[in-house]
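Take a look at the letters that make up each chain.
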Amino acid sequence: MDLVVVSNRVARAKANEPMTGGLAAALLPVVEKSGAIWVGSSGRVRDNISKDSFAEIESLGAGALALLDLPAAHYGGYYEGFANSALWPALHSRNDLIKVSLDDYQSYREVNAFMARALMRFNKPTAAFWIQDYHFLTLGAEMRDLGVGNPLGFFLHTPWPSRRVISGVPHHRDLVEAMLAYDLIGFQTEDDCENFADYLQAELGLDVDGELVSSRFGTSRIGVFPIGIDVDGFAAQAQRAASHPDVSRLRKSLHGERLAIGVDRVDYSKGLVNRISAFDRLFEIQPSLKRSVSLLQIATPSRGGIEAYSNLQDELSKQVTEVNGRHGEVDWTPIRYLSKGFSQTVLAGFYRAAQVGVVTPLHDGMNLVAKEYVAAQNPIDPGVLVLSKFAGAANELDTALLVNPHDIDGMARGIATALSMPATERRMRWEAMMRKLRAGTIHNWFAGFIDALEATRGAAGPSLSPSVVRPLRLASGPALSGGQMRDPSRFAPRPIAN
Ligand code: G6P
């Protein structure tokens, strides 16, 4: 089979550059190995582009990366508009932040249709398409309209909320009906999948028979595929990173003080304001912890063109200044707040240097920072993960210290418990989490999804497994080998955490 993976944002294989979003960073190692072609946005927009205008096509491991400039007239309405000011807030149960116009919806549909036309270049009988995330809910339906009969899979990296919440998105019925053009629709957790099935039954009046649902497009399968990480690879990276200059500088700066770490995009779903409040509270209720622990919060700016995000950035800067002003000393800063991104290598080293990992989103599809923090620990002396019960990762990492991110006092107590936990308990909890991580790696996730996708082709179809994915050749244009059209300088990587 010839696998084509599609996502809005893609990542490039540079271990020492700030990493792009959680999705892109997670996919990179598996897509690279699989020989698939990965199609996504180049990060640039243009007027008058034809569907064939792939800006860059370069080799990526055994496969290729094909980047597309998107239509300038629709990009804003698609990305900042419908995707991130209607879908993202609703998917994270923040309908109060929905802010879109009809034009935004039209632009979203236009960009999906544009991507569908562009993908025709890779369409051949043996192709299977795997579309990622909420940017492309309607891409499958557009492809069916163009006559594509091949397997089409879709995976949602975010939560899928309750029926009532998703009904707050303008055009929600059209969107969900269009999603049924996919043969396989994957979610991170059982809850997400159940919410989706409930919507299909209650809003669209469809019969959901176990995992199967029939619509005008035929039968779709819905299922749960929790995303994982490359556990052993990340652990080895963390061990090696101990000697990285940035990591050594961090350790030296601590003077024996303990470190808690948080790594997030500045996003309202991440619970950053509550987290900083919890540290404020911690120093209030346990003043003895002053000078004995600080929080390193890496807060990578994100989607800054959207008001809700720029407001949050301002709010956080103000809050951190206040908390540092209240508890800080001339030679001690309680919250080290960095508004920038770091490479995955450096982050791995930072995680290993921190005695507490604080991952406290209000709502999160999975949250791979939680998994990476665990994988990065020293097995002899592991740190403690303080994890929100509303992160998808809490389903697997149930021996973390689970907290309610809305309960500031409870979080402060959780952090204090983490700091005083004896080594035997830390090891027991950590080992249990590592067993779960090893049972569900990114490799299992990838193979599990594409096996299920290929199964939708029917027993007679060609078999598909990551080890046999063949490097793709373009239907027209250059063969994808040896880095043609490589021009990395034209693509400025945007540093993003999770
Ligand atoms: C989340 C989404 C991804 C997105 C990433 C970064 O992980 O699920 O689809 O790429 O955030 O967001 P951005 O808007 O910068 O791509």
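Procedures and definitions
- Residues numbered from 1 in each chain as written.
- Predicted model: local features only at pLDDT ≥ 70, side-chain atom pairs only at ≥ 80, totals over all residues.
- Heavy atoms only, no water.
- Pairing = 2+ DSSP bridges.
- Helix = DSSP H or I, 4+ residues; strand = E, 2+ residues; numbered from the N terminus.
- Axes fitted to C-alpha atoms, helices over the stretch in contact; angles between N-to-C directions.
- Near = heavy atom within 4 Å.
- Polar contact = N/O pair within 3.5 Å; in protein donor to acceptor, adjacent residues only side chain to side chain.
- Areas by Shrake-Rupley, 256 points an atom, 1.4 Å probe, with all protein chains shown as cover.
- Nonpolar A, V, L, I, M, F, W, Y, C, P; charged D, E, K, R; others polar.
- Salt bridge = Lys/Arg side-chain N within 4 Å of Asp/Glu carboxyl O.
- Buried < 20%, exposed > 50% of the residue type's maximum accessible area, 1.4 Å probe, protein only.
- Phe/Tyr/Trp six-rings, centres within 6.5 Å; stacked < 30°, edge-to-face > 60°.
- Core = buried A, V, L, I, M, F, W, Y, C linked by side-chain atoms within 4.5 Å.
- Domains from an automatic or database assignment.
- Contact = heavy atoms within 4.5 Å.

K.L.:
I would appreciate a short explanation of the sheet that holds strand β15 (residues 384-388) in the present structure.
P.N.:
By definition, the strands of a sheet pair up through backbone hydrogen bonds, in either a parallel or an antiparallel sense. Pairing within the open sheet is parallel, and its six strands lie in the order β13-β12-β11-β14-β15-β16. Two strands lie at the open edges of the sheet, namely β13 (335-338) and β16 (401-403), each paired on one side alone. Neighbouring strand axes in the sheet, compared pairwise and without regard to direction, differ in orientation by 20° on average. Bridging between strand β12 (residues 293-300) and β13 involves four bridges; their strand directions are parallel. Bridge pairing in β13 places Leu-295 opposite Ile-335.

K.L.:
Any chance you could explain the site of the ligand here in plain terms?
P.N.:
Taken together, 11 residues lie around the ligand, and Arg-9, Tyr-79, Asp-133, His-135 and Arg-303 are the ones closest in. Between the ligand and Tyr-79 there is a distance of 2.4 Å, counted from an oxygen atom to a side-chain nitrogen or oxygen. A distance of 2.8 Å separates an oxygen atom of the ligand from a polar atom in the side chain of Arg-303. Here the ligand loses 95% of its free accessible area of 370 Å² to cover by the protein chains. Tallied by class, residues from the shell around the ligand come to four nonpolar, three polar and four charged.

K.L.:
Hey, could you run me through the pattern of salt bridges in this one?
P.N.:
Counted under the stated rule, the structure contains 25 salt bridges. Taking the shortest distance from any N to any O, the salt bridge between Asp-232 and Arg-438 comes out at 2.9 Å. Note that Asp-232 is positioned in helix α8 (residues 231-241) and Arg-438 in helix α15 (residues 423-439), a separation of 206 residues in sequence. Looking at Asp-232, the relative accessible area reads 46%, which means it is partly exposed.

K.L.:
For this particular structure, what's the right way to read the pairing of strand β14 (residues 356-359)?
P.N.:
As a general feature of sheets, a regular strand has side chains that alternate between the two faces. Of the two faces of β14, the one carrying Val-356 and Val-358 and the one carrying Gly-357 and Val-359 are both buried. Two elements, strand β11 (residues 258-265) and β14, share two bridges in a ladder whose sense is parallel. Paired with Ala-260 across the strands is Val-356, a residue of β14. Bridge count between β14 and β15: four bridges; the pairing is parallel.

K.L.:
I'm lost on the packing of aromatic side chains in this one. Help?
P.N.:
What describes a pair of aromatic rings is the distance from one ring centre to the other and the angle between the planes of the rings. Applying the stated criterion to the full structure yields 22 aromatic pairs. Ring geometry for Trp-130 and Phe-446: centres 5.5 Å apart, planes at 45°, overall tilted. Of this pair, Trp-130 sits in strand β5 (residues 127-132) while Phe-446 sits in helix α16 (residues 442-455), placing them 316 residues apart in sequence. Relative to Tyr-373, the ring of Tyr-351 has its centre 6.2 Å away and its plane inclined at 85°; by these criteria the two rings are edge-to-face. In this pair, Tyr-351 sits in helix α12 (residues 344-353) while Tyr-373 sits in helix α13 (residues 368-375), placing the two residues 22 residues apart along the sequence. The pair formed by Tyr-351 and Tyr-373 is uniform in burial state, with each residue classed as buried. What links up through ring pairs into an aromatic cluster is the set Tyr-75, Tyr-78, Tyr-79, Phe-82, Tyr-105, Tyr-108 and Phe-136.

K.L.:
When you look at the sheet that holds strand β2 (residues 37-46) in this model, what are you seeing that I'm missing?
P.N.:
Spatial strand order, β3-β4-β2-β1-β5-β6-β7-β10-β9-β8: 10 strands in an open sheet with mixed pairing. Single-partner strands in this sheet number two, and they are β3 (54-60) and β8 (208-209). For β3 and strand β4 (residues 63-71), the ladder comprises six bridges, and the chain directions are antiparallel. Counterpart to Phe-54 in the pairing with β4 is Leu-68.

K.L.:
I would appreciate a short explanation of the nonpolar core in the present structure.
P.N.:
For soluble globular proteins, the rule of thumb is that nonpolar side chains tend to be buried together. Core analysis: the largest hydrophobic core is formed by 97 residues, its most contacted members being Val-39, Leu-119, Phe-129 and Leu-139. Sorting elements by how many residues they give to this core places helix α2 (residues 72-91) first, with 10 residues. Here this core spans two domains, since at least three of its residues come from each of domain 1 (2-227 + 444-457) and domain 2 (231-439). Not counting chain neighbours up to four residues away, the residues in contact with Val-39 comprise Val-4, Val-5, Val-6, Ser-7, Val-10, Phe-54, Ala-66, Met-115, Leu-119 and Phe-122. Counting 70 residues, the second-largest nonpolar core is a separate cluster that includes Ile-227, Val-374, Ala-375 and Ile-450.

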